[in-house]
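Okay, here's what each chain looks like letter by letter:
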Amino acid sequence: MQFGSESSPGFAIGRVAYLIRTGMSAVLKTAGWPFSPEETQTLISLLDAGRPLSMKELAALMIRDPTTVKRQLDRLVEHQFVQRNASSEDARIVMISLTRRGELKLQKVLPLLDELREVALQGISKSQLDATQDVLREMQNNLSNHLSKD
């Protein structure tokens, strides 16, 4: 089997990810939103979690380096969209939570991002989307397991 960019899921995923990020940047900029797509994804992850997350949990959930997440959080804290608090169980653990201000502001921009998602999914059936998500989750699991062996 010959390796080529057109037959590689990684290349296709990378292209789609680039286009989504570019679209998100444009939507967020037009809306006057002060954060990058990555910072916005951090807020969405906290909203989806529905509870405070430790730095370790948040970085693992987002599959990002903790140092990168910390830099994003510094900006989000500065704008009072998230807050850091010591864990009630272990004061050494920093818990991150979405503030009420952050949640309210995020709720205003989510419909705009949902419009972008609808554009991306035009012509794709629910069964196709479900199958794609299943495949992507399996690929993620396979790669996570493989990389954790190293």
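The rules behind each value
- Within any chain, residue numbers begin from 1 and follow the written order of that chain's sequence.
- Local features in a predicted model are, by the rule used here, given only for residues with pLDDT of at least 70; side-chain atom pairs are given and counted only at 80 or more, and totals for whole chains, interfaces and linings are based on all residues.
- Hydrogens and waters are ignored; side-chain quantities use all the structure's heavy atoms.
- For the purposes of this entry, the term helix denotes a DSSP run of H or I that reaches at least four residues, the term strand denotes a run of E that reaches at least two, and both are numbered from the N terminus.
- Buried, partly exposed and exposed residues are distinguished by accessible area as a fraction of the type maximum, computed with a 1.4 Å probe on protein chains only: under 20%, between the cut-offs, and over 50%, respectively.
- DSSP calls a pair of strands paired once it identifies at least 2 bridges connecting them.
- We call two residues in contact when some of their heavy atoms are within 4.5 Å.
- Axes here refer to lines fitted to C-alpha atoms; in helices the fit is confined to the stretch in contact. Angles between the N-to-C directions go from 0 to 180 degrees.
- We call a set of buried residues a nonpolar core when its members are Ala, Val, Leu, Ile, Met, Phe, Trp, Tyr or Cys and they connect through side-chain atoms within 4.5 Å of each other.

## Details of the environment of Leu46
Link 1 in the chain: Note that Leu46 resides in helix α2 (residues 37–49).
Link 2 in the chain: Classification of Leu46 as buried rests on a relative accessible area of 4%.
Link 3 in the chain: For the pair Leu46 and Ile20, spaced 26 residues apart in the sequence, the C-alpha separation amounts to 20 Å.

## Comments concerning the sheet that holds strand β1 (residues 53–54)
Link 1 in the chain: Read from one edge of the open sheet, three strands run β1-β3-β2, paired in antiparallel fashion. The open sheet terminates on both sides in strands that have one partner only, identified here as β1 and β2 (82–86).
Link 2 in the chain: Here β1 pairs with strand β3 (residues 94–98) via two bridges, running antiparallel. Opposite Ser54, over in β3, you have Met95 as the bridge partner.
Link 3 in the chain: Its contacts with the sheet place helix α4 (residues 66–78) against β2 and β3, and it is angled at close to 110° to β2.

## Section: the nonpolar core
Link 1 in the chain: Core analysis: the largest hydrophobic core is formed by 22 residues, its most contacted members being Trp33, Leu43, Leu46, Leu58, Leu73, Val82 and Ile96.
Link 2 in the chain: Elements supplying a minimum of two residues to this core: α1 (9–30), α2, α3 (55–62), α4, β3 and α5 (100–120).
Link 3 in the chain: Per-element accounting of this core gives the leading share, four residues, to α3.
Link 4 in the chain: Apart from the residues lying within four places of it in its own chain, the contact partners of Trp33 are Leu28, Thr40, Leu43, Phe81, Lys105, Leu106 and Val109.

## Focus on unusual backbone geometry
Link 1 in the chain: Even without a glycine there, the phi angle at Ile63 is positive, about 50°.
Link 2 in the chain: Looking at the element boundaries, Ile63 is found in the loop between α3 and α4.
Link 3 in the chain: Taking relative accessible area as the criterion, Ile63 reaches 58% and is therefore assigned exposed.
Link 4 in the chain: Located in the positive-phi region is Gln80, a residue other than glycine, with phi close to 65°.
Link 5 in the chain: Within the element layout of this structure, Gln80 appears in the loop between α4 and β2.
Link 6 in the chain: Judged by its relative accessible area of 51%, Gln80 is exposed.

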